[in-house]
Amino acid sequence: MIKQLLFYNFRYFSRSHKFIVPLVIYLTAFAVLYATKPLEAMNTYGMTAMFIFIIATLIACNFMEIEDPVQQQIVLLSLRNNTIYYFSKVFFVWIVVSVMSFIIVLYPAIFCFFSENVSVGNLIVALISHLLLGFLGVCVSVLFNSRLVKNRQFAILMLIIVVLISVVQKAIIIKSPATKWVLYILPPVSIVVDRITNFGGLKDAGPLFLAFGISIAYSFGLLALFIKLMKTKVF
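Scoring rules and cut-offs
Residues numbered from 1 in each chain as written. Predicted model: local features only at pLDDT ≥ 70, side-chain atom pairs only at ≥ 80, totals over all residues. Heavy atoms only, no water. Axes fitted to C-alpha atoms, helices over the stretch in contact; angles between N-to-C directions. Helix = DSSP H or I, 4+ residues; strand = E, 2+ residues; numbered from the N terminus. Parallel < 35°, antiparallel > 145°, perpendicular 65-115°, else oblique. Contact = heavy atoms within 4.5 Å. Nonpolar A, V, L, I, M, F, W, Y, C, P; charged D, E, K, R; others polar. Salt bridge = Lys/Arg side-chain N within 4 Å of Asp/Glu carboxyl O. Buried < 20%, exposed > 50% of the residue type's maximum accessible area, 1.4 Å probe, protein only. Polar contact = N/O pair within 3.5 Å; in protein donor to acceptor, adjacent residues only side chain to side chain. Expected span 1.5 Å × (residues − 1). Phe/Tyr/Trp six-rings, centres within 6.5 Å; stacked < 30°, edge-to-face > 60°. Lys NZ or Arg CZ within 6 Å of the ring centre and 35° of its normal.

A few words on the packing of helix H1 (residues 2-16) against helix H4 (residues 69-79). For the pair H1 and H4, the least separation of the axes is 14 Å and the interaxial angle reads 175 degrees. In terms of axis orientation, H1 runs roughly antiparallel to H4. Contacts from Leu5, Tyr8 and Tyr12 in H1 reach Gln71, Val75 and Leu79 in H4. Partitioning the contact of H1 with H4 into residue classes produces five nonpolar, one polar and no charged.

Right, here's the structure in full:
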């Protein structure tokens, strides 16, 4: 069932041309980032992980609006499993973002863009962080689709605000410590990025895995909320 839904989502996505803008942004950022070398590995991976989070929100935002509402109702009636249907949408976008993540992580390591040799452990950490932040970006973005937020301008504005504050969350907390209890409810992008850039081996594994755990729990919490809201929201 999931396989058929993934192919269905792929057909819609590829025919809509909604992927062009995110792809152009991705390729442009890729070219600019790797225009010079050498680069510091984990700092670079911190930046690219943050970028993957942003590009994931953009792809998911576009993807959630391409399916005709009537067609969507027909699919839901024939499928008779709303949970699988909505999960497949998130899963499909995450697959697309994951392909981008693999490329942006492995390319500089393979072609020696870094000033130091990157260990297998560091590559694994970088790849996991990109996959997790990509998934987080998708789960954040789908909550702002037109079924849940009718006013598109307001939805996009709120999504941009959430994304931007999530990215600079740590910097804001450092300057204004009193804001941390409010900002900690936002997606833990800064926490994960901070752990990546400061990762120096096994001694940093504890804080790193904690950040990963927070990201996973946050993402699945948003995913569960998304599915619940979509199942209760009428067309």
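Now, onward.
The full count for this structure, using the stated rule, is four salt bridges. For Arg195, the salt bridge identified is with Asp194, shortest N-O distance 2.8 Å. Between Asp204 and Lys203 there is a salt bridge whose closest N-O contact spans 3.1 Å.

Right, let's get into the side chain of Ser141. If you trace the backbone, Ser141 turns up in helix H6 (residues 120-141). Assessed through its relative accessible area of 2%, Ser141 is described here as buried. One polar contact links the side chain of Ser141 to the main-chain carbonyl oxygen of Thr57, over a distance of 2.7 Å. Contacts of Ser141, omitting those with residues within four sequence positions, involve Thr57, Ala60, Cys61 and Leu159.

To continue, consider the environment of Gly206. Checked against the element boundaries, Gly206 lands in helix H11 (residues 205-232). In the structure, Gly206 is positioned 11 residues away from Arg195 in sequence and 9.9 Å away in space, judged by C-alpha atoms.

When glycine is set aside, most residues are seen to have a negative phi, and most peptide bonds are trans. Lys37 connects to Pro38 through a cis peptide bond whose omega is 10 degrees. Along the polypeptide, Pro38 turns up in the loop between helix H2 (20-33) and helix H3 (41-63). Positive phi outside glycine occurs at Arg80, with the angle close to 60 degrees. Topologically, Arg80 is positioned in the loop between H4 and helix H5 (82-110). Phi is positive for Cys112, which is not a glycine, with a value near 60 degrees. Look at Cys112 and you get exposed, because its relative accessible area is 57%.

Here H11 spans 41 Å end to end across 28 residues, near enough to the 40 Å set by a 1.5 Å rise per residue. Burial in H11 covers these residues: Ala205, Leu208, Ala211, Phe212, Ser215, Ser219, Leu222, Leu223, Phe226, Ile227 and Met230. On the buried face of H11, the contacting elements are H5, H6 and helix H10 (189-197).

Position of Asn145 among the secondary structure elements: in the loop between H6 and helix H7 (152-167). The buried category is assigned to Asn145, whose relative accessible area is 3%. Here Val142 takes part through its backbone oxygen, which lies 2.6 Å from a polar atom of the side chain of Asn145. The residues contacting Asn145, other than those within four sequence positions of it, are Met64, Glu65, Arg152, Phe226 and Met230.

The full count for this structure, using the stated rule, is 20 aromatic pairs. Ring geometry for Tyr26 versus Phe30: centroids 6.1 Å apart, planes at 40 degrees, classification tilted. Of this pair, Tyr26 and Phe30 both sit in helix H2, four residues apart, which is roughly one turn of the helix. Accessibility classification places Tyr26 together with Phe30 in one group, the buried group. One aromatic cluster is present, built from ring pairs that chain together Tyr26, Phe30, Tyr34, Phe51, Tyr107, Phe111 and Phe113. Between Lys37 and the ring centre of Phe113, over which it is positioned, the NZ or CZ distance is 4.9 Å.

Attention shifts here to H6. Compared with an ideal rise of 1.5 Å per residue, which puts 22 residues at 32 Å, H6 spans 32 Å between its outermost C-alpha atoms and is within 8% of the ideal. In terms of burial, H6 is largely enclosed, as 17 of its 22 residues are buried.

Purely geometric numbers; function is a separate question.
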